[in-house]
Amino acid sequence: MNLLCASFIPLLVSTTASDCRSSMMTSCTMAVFSDIDGTLVHYPPAHVMQQDINTRNGDGDIDDDKNDLLYLPPSKTGQRGVISSKTLRLCQKLRNEGVPFVLVTGARSTTLFQRLPYLPRADAYVSESGGRIFYPNSSINDVVDGMVDGVLVHPQPYEGCPSSDLEPFTLVEDLLWRNEISSLDCAGTDGYSILAPRAGSDGFSTLTPPIPIDQRSGKLWAHARLLQKKGFFLDSSGYATAFRINRKHQEDDIASTFDEFLEQCNNREGVPEELGCSTNLGCVDFYPKMSGKKNVCDYLIRRFIKTCSNGKDESSITLKSHACCLCDDDNDVEMALACRTAYLPSVTSESMRRLANESKNVIVTETEERKESLATEAALEMILNDIFKSNSI
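Residues numbered from 1 in each chain as written. Predicted model: local features only at pLDDT ≥ 70, side-chain atom pairs only at ≥ 80, totals over all residues. Heavy atoms only, no water.

Account for the pattern of salt bridges, naming residues and giving values.
Tallied over the entire structure, the rule returns 16 salt bridges. Put simply, Arg108 and Asp235 hold a salt bridge, and the shortest N to O gap is 2.7 Å. Taken together, the positions of Arg108 in the loop between strand 4 (101–104) and helix 3 (109–115) and Asp235 in the loop between helix 5 (219–229) and strand 11 (243–246) put the pair 127 residues apart, joining distant regions of the chain. Between Asp185 and Lys219 there is a salt bridge; the shortest N-O distance is 3.6 Å. Residue Asp185 is found in the loop between helix 4 (175–181) and strand 9 (195–197), and its partner Lys219 is found in helix 5; the two are separated by 34 residues along the sequence. (Salt bridge = Lys/Arg side-chain N within 4 Å of Asp/Glu carboxyl O. Helix = DSSP H or I, 4+ residues; strand = E, 2+ residues; numbered from the N terminus.)

Printed below as a string of structure tokens:
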């Protein structure tokens, strides 16, 4: 991987990246949105990883009868995610069929950048729970408005990978979305930082010191300061349009009542009207109300489907009619309810489990025999079959 330094400078014009594939998507009627962790990327126990290593022959090659896994770099906590080669092939098959494919994550932008070489190529990449949208640009020598300076993604090879999947690409930010979310009623502009190269074999970049929260303008950061005064420890590193409160990072007195805080957030108690929030595995993410996974998917479905349907009436383009998603957790609930069908390769929260039990449009592909990557592959195959059936009608 070769991830160089990236500079984020507010720009006031919009652009379309050359790899957005609008010219190719001439017959698409569906788009697919996918969460990453717990959905495409899984975290199996160490002994399962060792079993995968044991499927390789003496030369280190893959046994084609086994499920080949691609290993992501370890996280800050030491966890190491995996994604299967078949998952990557199926995601590429969707795009080959003209289906817009979008990755949507609550992760900070810097984390997304570091992981891109190991993730499926997509038509758009969304970070910070909907706060930032990036499009791939395969014309890496061209300088275009909105380009994330210095970020050059070199995809990692996987079993059955076509040469086209290994072509490097840069990222171009959606400036129309950014200009809206950077208003003072939302996140302001002070969270957009500069990345600096870090010495080391991984080639990752790290943030230079960001503007402190107490000096950031915008409704988002005003609420952040209020929560800090109440004793909460906030994680804003690498975020421009959101911040996170993690139970594990709190002092004992705050951690002991964190369940009450989660419930208050779910009920929007104390959350300003201009902001949204979502919970996920003991964390709460705060972001501008226009953001959130459901809202950013709604914005993108109109962009992609309208582009490839020769100016179809925008009012008829909705997530319920033109989108399905893959997801697994609390912060995906609104997106799951908004889409025509939601596929769950894993269920990591009670709210998602209830949703799956109550809705016929939420399909759990995980079984006792089919978990993690196998369940993800099953979900992608179902989506492909659904799209083929729709196109044949």
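Next comes the rest of the write-up.
Tell me what's going on with the environment of Glu377, and back it up with residues and numbers.
Mapped onto the elements of the fold, Glu377 is located in helix 12 (residues 373–392). You can call Glu377 buried: its relative accessible area is 5%. Spatially, the C-alpha atom of Glu377 lies 9.2 Å from that of Leu88, the residues being 289 residues apart in sequence. (Buried < 20%, exposed > 50% of the residue type's maximum accessible area, 1.4 Å probe, protein only.)

Give a description of the nonpolar core that names residues and reports values.
Buried together is how nonpolar side chains tend to be arranged in soluble globular proteins. One finds Val32, Leu94 and Leu171 to be the most contacted residues of the largest nonpolar core, which totals 38 residues. Elements that contribute at least two residues to this core include exactly helix 2 (85–96), strand 4, helix 3, strand 7 (147–153), strand 8 (169–173), strand 14 (323–326) and helix 12. For this core, the element with the most residues is helix 12, which contributes five residues. For Leu171, the residues in contact, after removing those within four places along its chain, are Phe113, Leu116, Tyr125, Phe134, Tyr135, Pro136, Gly146, Met147, Val148 and Val151. Grouped together as the second largest cluster of nonpolar side chains are 35 residues, Val102, Ala124, Cys297 and Met335 included. (Core = buried A, V, L, I, M, F, W, Y, C linked by side-chain atoms within 4.5 Å. Contact = heavy atoms within 4.5 Å.)

Can you break down the sheet that holds strand 12 (residues 275–280) residue by residue, with the values?
Spatially, the three strands line up as an open sheet ordered 11-13-12, and their pairing is antiparallel. Two strands in the sheet have a free side with no partner beyond their single neighbour: strand 11 and strand 12. The average angle at which neighbouring strand axes cross in this sheet is 20°, direction not considered. Across four bridges, strand 11 lies against strand 13 (residues 283–288) in antiparallel orientation. Across the sheet, residue Arg244 finds its bridge partner in strand 13, namely Asp285. Each of strand 11, strand 12 and strand 13 touches helix 5; the most contacted strand, strand 11, lies at about 25° to it. Docked against the sheet, helix 7 (residues 258–266) engages strand 11, strand 12 and strand 13, running at close to 30° with respect to strand 13. (Pairing = 2+ DSSP bridges. Axes fitted to C-alpha atoms, helices over the stretch in contact; angles between N-to-C directions.)

An account of the side chain of Asp174 is needed here, citing residue identities and associated values.
Looking at the secondary structure, you find Asp174 in the loop between strand 8 and helix 4. At a separation of 3.2 Å, a polar atom in the side chain of Asp174 contacts the main-chain amide nitrogen of Leu176. Beyond its immediate chain neighbours, meaning those up to four positions away, Asp174 contacts Ile133, Tyr135, Tyr299 and Arg303. (Polar contact = N/O pair within 3.5 Å; in protein donor to acceptor, adjacent residues only side chain to side chain.)

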